[in-house]
Amino acid sequence: MLVKYRDSFQKIAMGLLSFIPDLKDIDRINKELDWYASSDDRNLYLQKNEAGDFIGLVGVEKQGQYLMIHHLAFIPQQQTEGNEQDIFNSLTNYYPDLQMMGTLETSPALARWEKRKFDQHGE
């Protein structure tokens, strides 16, 4: 389940963002959080598992008819294809009219989701 980021989740979001190789520095993480907060077209979502624990994060930006997936991070033991699939499935429900695109870092996960979706449904 995806939960939209709010300030009370700041420490959790910072911890999840720190698992992204380019975001090891706390100042860089804070700049990313500020970047998402600076526009209504950008959103961070945190993923909860069935037990209600936060296990992942996805950062998106609406760009015309596209939804750019900027960040995707999980706590290490939750970095699974199934959790990636859950996030992308949720995003298609939140943004049904937008086509998802990935960055160099997020494209491989998005491609796995698209392949699985095609294999299962022929879409």
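Just so we're clear, the structure is a prediction, and the values are computed from it rather than from any experiment.

Secondary-structure assignment places Arg42 in strand E2 (residues 42–48). A relative accessible area of 16% means that Arg42 is categorised as buried. In terms of polar contacts, Arg42 uses its side chain to reach the side chain of Glu61, at 3.4 Å.

Before going further, it helps to spend a moment on the packing of aromatic side chains. Scanning the entire structure with this criterion turns up five aromatic pairs. Consider the rings of Trp35 and Tyr36, whose centres lie 5.0 Å apart with planes at 75°: the pair is edge-to-face. By the ring-pair criterion, three or more aromatic residues cluster together here, those being Tyr45, Tyr94 and Tyr95.

Once that is clear, we can look at the pairing of strand E4 (residues 66–74). Within E4, eight of the nine residues are buried, leaving the element largely enclosed by the surrounding structure. Taken together, the eight bridges between strand E3 (residues 54–63) and E4 define a ladder with antiparallel strand orientation. When the sheet's bridge partners are listed, Lys62 is paired in E4 with Leu67. What sits between E3 and E4 in their antiparallel hairpin is a turn of two residues, with Gly64 showing a positive phi close to 65°. Examined bridge by bridge, E4 and strand E5 (residues 99–102) share four bridges and lie parallel to one another. In the sheet register, Met68 faces E5, and the bridge partner there is Met101. Chirality of the crossover, the property in question, places the unit of E4, helix H3 (residues 81–94) and E5 among those that are right-handed.

For the pair helix H1 (residues 10–17) and helix H2 (residues 26–37), interaxial distance at closest approach is 10 Å and the crossing angle is 115°. The chirality of how H1 crosses H2 is right-handed. Between H1, through Gln10, Ala13, Met14 and Leu17, and H2, the contact on the second element is made entirely by Ile26, Ile29, Asn30 and Leu33. For the contact of H1 with H2, a count of residues per class yields six nonpolar, two polar and no charged.

Definitions and cut-offs
- Residues numbered from 1 in each chain as written.
- Predicted model: local features only at pLDDT ≥ 70, side-chain atom pairs only at ≥ 80, totals over all residues.
- Heavy atoms only, no water.
- Helix = DSSP H or I, 4+ residues; strand = E, 2+ residues; numbered from the N terminus.
- Buried < 20%, exposed > 50% of the residue type's maximum accessible area, 1.4 Å probe, protein only.
- Polar contact = N/O pair within 3.5 Å; in protein donor to acceptor, adjacent residues only side chain to side chain.
- Phe/Tyr/Trp six-rings, centres within 6.5 Å; stacked < 30°, edge-to-face > 60°.
- Pairing = 2+ DSSP bridges.
- Right-handed = clockwise from strand over helix to strand, strands pointing away.
- Axes fitted to C-alpha atoms, helices over the stretch in contact; angles between N-to-C directions.
- Left-handed = near helix turned anticlockwise from the far one by under 90°.
- Contact = heavy atoms within 4.5 Å.
- Nonpolar A, V, L, I, M, F, W, Y, C, P; charged D, E, K, R; others polar.

These figures come from the coordinates and say nothing about function on their own.
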